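# Reading the structure
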Amino acid sequence: MEAELARELAELGATEVAPGASGVEFSGDLAMAWKVNLWSRLAIRVLWQVDQGSYRDEDDLYRAAHRLPWSDWFAVDRTIAIRTVAHISPLKSLNFATLRIKDAVCDRFREDLELRPNVDARSPQIPILLYLDRDAYTLYLDLSGEPLNRRGYRVEPSPAPLNENLAAGLLRLSGWAPEQPLLDPMMGGGTILLEAAMIALNMAPGLKRHFAFENLIGFDKVEWTRLRKDAEAAQGEKRALPIYGCDIDPNMVRAAGLNLKEAGLLDCVTLREGNVMEIPAPAAAGFIVSNPPYGVRLDADATFYADLGSAMKQHFSGWSAYFISADPEFPKHMRLAASRRIPLHNGPLDCRLYEYKLVAGTMRKQADQQTTV
Ligand SMILES: C[S@@+](CC[C@H](N)C(=O)[O-])C[C@H]1O[C@@H](n2cnc3c(N)ncnc32)[C@H](O)[C@@H]1O
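What counts and what doesn't
- Residues numbered from 1 in each chain as written.
- Predicted model: local features only at pLDDT ≥ 70, side-chain atom pairs only at ≥ 80, totals over all residues.
- Heavy atoms only, no water.
- 1 Å grid on protein atoms, 1.4 Å probe; cavity = no way out; pocket = protein on both sides within 12 Å on 5 of 7 lines; lining within 4 Å.
- Points joined across faces, edges and corners; volume = space filled by probe spheres on them.
- Nonpolar A, V, L, I, M, F, W, Y, C, P; charged D, E, K, R; others polar.
- Domains from an automatic or database assignment.
- Helix = DSSP H or I, 4+ residues; strand = E, 2+ residues; numbered from the N terminus.
- Salt bridge = Lys/Arg side-chain N within 4 Å of Asp/Glu carboxyl O.
- Buried < 20%, exposed > 50% of the residue type's maximum accessible area, 1.4 Å probe, protein only.
- Phe/Tyr/Trp six-rings, centres within 6.5 Å; stacked < 30°, edge-to-face > 60°.
- Polar contact = N/O pair within 3.5 Å; in protein donor to acceptor, adjacent residues only side chain to side chain.
- Contact = heavy atoms within 4.5 Å.
- Pairing = 2+ DSSP bridges.
- Axes fitted to C-alpha atoms, helices over the stretch in contact; angles between N-to-C directions.

## Things to note about the layout of surface pockets
- Considering only enclosed or pocket space, the largest pocket measures out at about 1800 Å³ in volume.
- Lining the largest pocket we find 46 residues, and of these S22, G23, V24, R45 and L47 sit closest to its centre.
- Of the residues that constitute the lining of the largest pocket, the class distribution is 26 nonpolar, 14 polar and six charged.
- Lining the lining of the largest pocket are residues from two domains, each supplying at least three of them: domain 1 (2-142) and domain 2 (164-204 + 236-357).
- Of the pockets and cavities examined, the second largest pocket occupies roughly 700 Å³.
- Forming the walls of the second largest pocket are 35 residues, and the residues nearest its centre are P159, M186, N291, P292 and P293.
- Here the element with the most residues in the lining of the second largest pocket is helix 10 (residues 298-315); it accounts for three residues.
- For the lining of the second largest pocket, the class distribution of residues is 21 nonpolar, ten polar and four charged.

Structure follows, in structure tokens:
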């Protein structure tokens, strides 16, 4: 999803955007970072890199963190927490590295102000991230705090919900545009529908929450209020949208409804209880974006996917369907030729997003078929 996130960041006005293996770097002033926090649908957090260098042991990390002017960035009465993430590291104990960074920050404060910040491991006002590679460290101030995918609308639990940022990414990858009909026929808690409705109404995903950057010195409340007001003004009028959701489980229809209600979007989306194998298409053409259930029982999955393939063929010609699945057998059992397979991660799961262009006529996968069926 890094390439798609890079495109989103460039659209928001970030410069020097460079996708990497597990994140995207960009340049800009702090107001740009606030804007990304407010508007990005795909990012999970925005990190401000404050130092980088090489290290061999925990003492090197202590010295590096001790050199930094922490009290220029936040007041001593703010709570801190250090999180360490290591790709490959020669250190025996990451806990000890974390402790050394905490000591360095507190010692530096004590030397500068004769006071030290307290630690709040659960909800720090200033989250600090130490990232370790084989011989390089990077220190970041986490400007987001709570991950950005926590939009605040998920009030009803559903089994195996998609991350909100992944749902928004799937919509971007599908090429769906807001005026086109969209259906998630196995919607669960309705994450894909919620993200789609927010995109269609140009709702900034971060409008309802607070961010860690509000706790930094130099936070300009006037400028931040202006950015939020601009976002409120840019929001489209709430209206019925061509966005449709369905689930066979009445509890999920209820859950999706409650989540949509929490987001103020219940009247914008049409929900129904139904079986994906039987429901008619709600429009002559459109986009299906969905994550079908998987991993119940292999033979049950095989039959389910084969039936899903048939239902697509019978009821949705003219539509483009996008299914995310971690099951490598999914495309075989669907028995339709996927025109694209995009590798993605859903948390720790290796997934693919499969694209099916559903046109009238023969849909069965054949040995000599090309990319489009
Ligand atoms: C992996 S979950 C979807 C999660 C959802 N994307 C979310 O973010 O909450 C799959 C959903 O498919 C639904 N489902 C299973 N079989 C179905 C069928 N035959 N027709 C419609 N929905 C079905 C399940 O009830 C479940 O809610």
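On we go.
## Brief notes about the pattern of salt bridges
- Counted according to the given criterion, the structure contains 19 salt bridges.
- Note that D142 is salt-bridged to R45, the shortest N-O span being 2.4 Å. With D142 in strand 6 (residues 136-142) and R45 in the loop between helix 2 (30-39) and strand 3 (47-54), this residue pair connects regions lying 97 residues apart in the sequence.
- On the basis of relative accessible area, D142 is assigned to the buried category, the value being 7%.
- One salt bridge in this structure joins E329 and K332, with 2.8 Å as the shortest N-O distance.

## Here's the deal with the packing of aromatic side chains
- Summed over all chains, the structure comprises 18 aromatic pairs.
- Taking 5.6 Å as the distance between ring centres and 20 degrees as the angle between the ring planes, the aromatic pair formed by W34 and F213 counts as stacked. Pair noted here: W34 is in helix 2 and F213 is in the loop between helix 7 (191-200) and helix 8 (221-234), with a separation of 179 residues, a long-range link.
- Given a relative accessible area of 1%, F213 falls into the buried group.
- Site record: aromatic cluster; members linked through ring pairs are F304, Y305, F323, F330, Y354 and Y356.

## Quick look at unusual backbone geometry
- If you check the backbone angles, A160 has positive phi at about 50 degrees while not being a glycine.
- Mapped onto the fold, A160 is located in the loop between strand 6 and helix 6 (164-174).
- Phi angles above zero are rare outside glycine, and N202 is one such case at about 55 degrees.
- Mapped onto the secondary structure, N202 falls in the loop between helix 7 and helix 8.

## Side note on the side chain of N215
- By the element assignment, N215 lies in the loop between helix 7 and helix 8.
- Engagement of the side chain of N215 in a polar contact is seen with the backbone oxygen of Q125, the distance being 3.0 Å.
- Those residues in contact with N215 that sit more than four places away from it in its chain are F74, R78, Q125 and I126.

## Describing the sheet that holds strand 11 (residues 320-325)
- Pairing is mixed in the open sheet, where seven strands are placed in the order 9-8-7-10-11-13-12. Only two strands of the sheet have a single partner each, and these edge strands are strand 9 (270-273) and strand 12 (340-346). The mean angle between the axes of side-by-side strands here comes to 20 degrees, regardless of whether they run parallel or antiparallel.
- Bridge count between strand 12 and strand 13 (residues 349-357): seven bridges; the pairing is antiparallel. Considered in strand 13, the bridge of R340 is made with E355.
- Seen against the sheet, helix 6 touches strand 7 (182-184), strand 10 (287-290), strand 11, strand 12 and strand 13 and runs at an angle of roughly 165 degrees to strand 12.
- Relative to the sheet, helix 7 contacts strand 7, strand 8 (243-247), strand 9 and strand 10, its axis offset from that of strand 8 by approximately 170 degrees.

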